[in-house]
Amino acid sequence: MKNIEDMLDDVLDRYLELPHDARRLELNAQAVKLADQAKDSYWMLVTRADYAFEIVASGDAPKALPVCAEFDALLKQYPDVLESREETFYSLQVAEIAMSLFEDIPQIPLEQCQSLLDDFWNKVKKYQTGERLWYQYAMTFYKYLDKEKAKEYYQKFLDTPRDMVSDCEACEQDSAVSFALYLEDYPQAMKLAQPILNGQLSCLDIPQQTYATLADNALNHGNLKEAKQWIPPLVQIARRNKGDLDYIGIMIRGLAYTDLPLGQRLLQEHIGWTIHLWNQNTLLSFDIGAWVLCHELGKQQDTVNFVFPKEFPLWQQNGQYKVSELENWFSKEAIDISLRFDKRNGTDYFMKRIHIVEDQIEKGMSE
């Protein structure tokens, strides 16, 4: 019978060879438990840093928050276990993941979000690397709170050289595209997007994230013709796991005006991913898409047949739903999430988006 150390070695060998999928996530969780049982401080730290990353890759990033807290506590308990370069990489990776979660769940108080940003900065100063990445996250943080501060940090992001923990070039370029759209500078956004759109820059999340950003911006500005450029490629490449629900919500919203049957199919296929989802920002996008789709569907029929999971709050055993009830439920969910984010942030950033959707629902949208 294998001892704990041998079992740990076996699981480590297996999960490190797998792609980032559900099998790797499950084996990584096993490795964390085995490392704890073996009281192997090195692997207790490394497997947790890996596990936090795998949770993010699996599509519901907020579930990584407790793992990040465990890693930080263990690093304080065992400060000399990791080699210097390893500690720098893993510690900043965990700080980045924890900081990114302020976008995803409104339950984290604003003071704690600021504390996470400060903690990230302290680690950047401690390890003397990661400054560009920190400015990138500070820019994103203040996009929701203070446009002038966001602009200030964006410029610092641009002025700071890349280093070993910087985001990949494709993701950085996408951030620049998104920020140009935030500033309502569409020509600059399209100029910045060209290296992504022509295939020069890509990664695990690019170009689909850029397609989604451009489609969402087009829909928010009532430009259905442009949105139709980005939705078909999104449908093809951006339905991998729960992490793509944000993109899927944008797809469904656009398809509500251009291809209702396909929009209905995507809603049915992917609503199961929303069950027990922690990521409220992603859920918001999906709820908005479903809300708009049901409104447009309601113009044609009163009822609709869907095969939804039993956990869905309005689940019907016969699969028949009143379209108006679905529309009301999705709209209420979207508004509730938006209000919670805005209450936490002290702004009306999220409700502005809701008002755009409400206005388009009232007036309609066409090419």
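Residues numbered from 1 in each chain as written. Predicted model: local features only at pLDDT ≥ 70, side-chain atom pairs only at ≥ 80, totals over all residues. Heavy atoms only, no water.

A. Representation of the packing of helix 15 (residues 280-298) against helix 16 (residues 323-345) in the model. Axis separation between helix 15 and helix 16 bottoms out at 8 Å; the angle between their running directions is 150 degrees. On the basis of their axis angle, the class for helix 15 and helix 16 is roughly antiparallel. In terms of crossing hand, the pair formed by helix 15 and helix 16 is left-handed. Contact residues: helix 15 offers Gln280, Asn281, Leu283, Leu284, Asp287, Ile288, Ala290, Trp291, Cys294, His295, Leu297 and Gly298, while helix 16 offers Val323, Leu326, Glu327, Phe330, Ser331, Glu333, Ala334, Ile337, Ser338, Arg340 and Phe341. (Axes fitted to C-alpha atoms, helices over the stretch in contact; angles between N-to-C directions. Helix = DSSP H or I, 4+ residues; strand = E, 2+ residues; numbered from the N terminus. Parallel < 35°, antiparallel > 145°, perpendicular 65-115°, else oblique. Left-handed = near helix turned anticlockwise from the far one by under 90°. Contact = heavy atoms within 4.5 Å.)

B. Highlighting helix 14 (residues 260-270). Burial in helix 14 covers these residues: Leu260, Leu262, Gly263, Gln264, Leu266, Leu267 and His270. As for helix 14, its buried residues are in contact with helix 12 (224-237), helix 13 (245-258), helix 15, strand 1 (303-305) and helix 16. (Buried < 20%, exposed > 50% of the residue type's maximum accessible area, 1.4 Å probe, protein only.)

C. Looking closely at helix 1 (residues 4-16). The end-to-end C-alpha distance of helix 1 is 18 Å, a good match for the 18 Å that 13 residues give at a rise of 1.5 Å each. When helix 1 is considered as a whole, its buried residues turn out to be Leu8, Val11, Leu12 and Tyr15. Along helix 1, the residues classed as buried sweep out an arc of 105 degrees about the axis, all on the same side. In this structure, the buried side of helix 1 is in contact with helix 2 (22-38) and helix 3 (41-58). With a side-chain oxygen positioned 3.2 Å from the backbone nitrogen of Glu5, the residue opening helix 1 is Asn3. (Expected span 1.5 Å × (residues − 1). Arc of directions from axis to C-beta. Polar contact = N/O pair within 3.5 Å; in protein donor to acceptor, adjacent residues only side chain to side chain.)

D. Spatial organisation of the pattern of salt bridges. Tallying each qualifying case throughout the model produces 24 salt bridges. Note that Asp216 and Arg353 form a salt bridge whose closest N and O atoms lie 3.6 Å from each other. With Asp216 in helix 11 (residues 208-220) and Arg353 in helix 17 (residues 349-363), the pair connects residues that are 137 residues apart, well separated along the chain. Here Asp216 and Arg353 have matching classes, each one buried. Via salt bridges that share partners, Asp36, Arg48 and Glu70 belong to a single interconnected network. (Salt bridge = Lys/Arg side-chain N within 4 Å of Asp/Glu carboxyl O.)

E. Quick look at unusual backbone geometry. Omega for the peptide link from Ile206 to Pro207 comes to 25 degrees, which places this bond in the cis form. Relative to the assigned elements, Pro207 resides in the loop between helix 10 (186-197) and helix 11. Here the phi dihedral of Lys39 falls at roughly 55 degrees; this positive angle occurs in a residue that is not glycine. Mapped onto the fold, Lys39 is located in the loop between helix 2 and helix 3.

F. Summary view of the nonpolar core. If you look at the biggest cluster of nonpolar residues, it comprises 120 residues, and the most contacted ones within it are Phe120, Met251, Leu267, Leu326 and Phe330. Take this core: its biggest share by element is ten residues, from helix 15. Not counting the four nearest positions on each side in its chain, Leu326 is found in contact with Cys294, Val304, Phe306, Phe308, Phe312, Leu314 and Tyr321. (Core = buried A, V, L, I, M, F, W, Y, C linked by side-chain atoms within 4.5 Å.)

G. The environment of Asp167, seen in detail. Here Asp167 is to be found in the loop between helix 8 (147-159) and helix 9 (169-182). Once residues within four sequence positions are removed from consideration, Asp167 is found in contact with Leu133, Gln136, Arg162 and Glu172. In this structure the side chain of Asp167 is engaged in a polar contact, spanning 3.3 Å, whose partner is the side chain of Gln136.

H. Representation of the packing of helix 1 against helix 2. Direction vectors running N to C along helix 1 and helix 2 enclose 155 degrees, while the axes themselves pass 9 Å from each other. With respect to their mutual orientation, helix 1 and helix 2 come out roughly antiparallel. The hand of the helix 1/helix 2 crossing is left-handed. Only Arg24, Leu27, Asn28, Gln30, Ala31, Leu34, Ala35, Gln37 and Ala38 of helix 2 make contact with helix 1, whose side of the interface consists of Ile4, Glu5, Met7, Leu8, Val11, Leu12, Arg14, Tyr15 and Leu16.

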